[in-house]
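Summary of the model geometry
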Amino acid sequence: MNQKPIKLHLGCQEKYLPGYINIDLPHEAHTVRKAKVDVEADVRDLSYPAESVDEIRSHHLLEHFSRQEALLLLARWHKWLKMDGLLRLETPDFEESARKFLKGNLDDQFQLARHIFGSHEADWAYHKDFWSENKYRLVLRELGYGDFRFEKISNNVESKFPVLKDTFISKQERLLKKLGPLGFNNLPNIVAYAKKVVKDVDYHTVIRRILEKSLVGRETKILDVWMKEAERGM
Ligand SMILES: C[S@@+](CC[C@H](N)C(=O)[O-])C[C@H]1O[C@@H](n2cnc3c(N)ncnc32)[C@H](O)[C@@H]1O
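Here's a quick rundown of the structure. Bear in mind that the values here come from a model prediction, so they are computed numbers and not experimental data.

The next point concerns the overall build of the protein chain. Across its full length, the protein chain holds 8 helices and 7 strands. Whereas a compact globule of 234 residues would reach a radius of gyration of roughly 17 Å, the protein chain reaches 18 Å, a difference of no more than 12%. If you line up the protein chain on its principal axes, its C-alpha atoms span 55 × 50 × 40 Å. Of all 234 residues assigned to the protein chain, the portion counted as buried reaches 30%.

On to the packing of helix H2 (residues 94-103) against helix H3 (residues 106-117), then. The geometry of H2 relative to H3 is characterised by a closest axis approach of 9 Å and an angle of 160 degrees between their N-to-C directions. As far as their axial angle goes, H3 and H2 are roughly antiparallel. As for how H2 packs across H3, the hand of that crossing is left-handed. Counting all contacts with H2, which are made through Phe-94, Ser-97, Lys-100 and Phe-101, the residues of H3 involved are Asp-108, Gln-109, Leu-112, His-115 and Ile-116. Looking at the contact of H2 with H3 residue by residue, the classes come out as 4 nonpolar, 3 polar and 2 charged.

Turning our eyes to something else, we now look at the environment of Val-216. Within the fold, Val-216 resides in the loop between helix H7 (203-212) and helix H8 (220-232). Overall, the presence of 6 C-beta atoms within 10 Å leaves Val-216 in the exposed class. Considered as a pair, Val-216 and Glu-231 are 15 residues apart in the sequence and their alpha carbons are 22 Å apart.

Criteria and cut-off values
Residues numbered from 1 in each chain as written. Predicted model: local features only at pLDDT ≥ 70, side-chain atom pairs only at ≥ 80, totals over all residues. Helix = DSSP H or I, 4+ residues; strand = E, 2+ residues; numbered from the N terminus. Rg over C-alpha atoms; globule rule 2.2 N^0.38 Å. Buried ≥ 20, exposed ≤ 12 C-beta atoms within 10 Å, placed from the backbone. Axes fitted to C-alpha atoms, helices over the stretch in contact; angles between N-to-C directions. Parallel < 35°, antiparallel > 145°, perpendicular 65-115°, else oblique. Left-handed = near helix turned anticlockwise from the far one by under 90°. Contact = placed C-beta atoms within 7 Å. Nonpolar A, V, L, I, M, F, W, Y, C, P; charged D, E, K, R; others polar.

On their own, these measurements won't tell you what the molecule is for.
Okay, structure coming up:
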């Protein structure tokens, strides 16, 4: 008998996707928009059996976790996914945002800084780490994912109406700025698609190796703290 695929949509907020288990924090955690969910939970507390999930998807969630939490979550999600199971993550594209920040005027920089650092209207609404194509490639490959594909969405006209991607309209930054009051913007996002391609990964070693990249000088004590935090969840 064919079992129904298990597909998780984490940090769904109001984007309720049929066919997915839509998960977000409890109602009280939201100050502005209330989430429409199947399951109210902190995604850090979720647990699924190894190799039981077909797809894990999140949009603008991963950047809300510290570097050690994010690596731990990516390792857990890898464990839960079936072989060839799909991971699909959308986050701000830090590299492109930084490029635009350097070229922008002060008004642009206020908008881009909000995109980079978060909206700050709730305890969860802070961005704690950067994500970019190169970082995704490195981290996901180390954690046993492969078969990568990336989409760069340079404005939310493209995100709302994908057929307009790369068209004349989607390139009109000035027009998009004028449409700001209607909810349009031209802030750069990236969508990473990856599959589970390696079954067994030594998560502890991989997470340590990646965390070492963020050490400055001889900060071994900091690494110990990060690893202790990550190990508690492994
Ligand atoms: C920036 S919103 C993105 C919402 C939606 N995915 C979208 O793209 O429009 C981030 C969402 O992640 C949720 N979130 C943040 N931290 C979470 C956590 N630890 N567990 C579950 N959901 C979380 C928030 O409640 C919020 O709904």
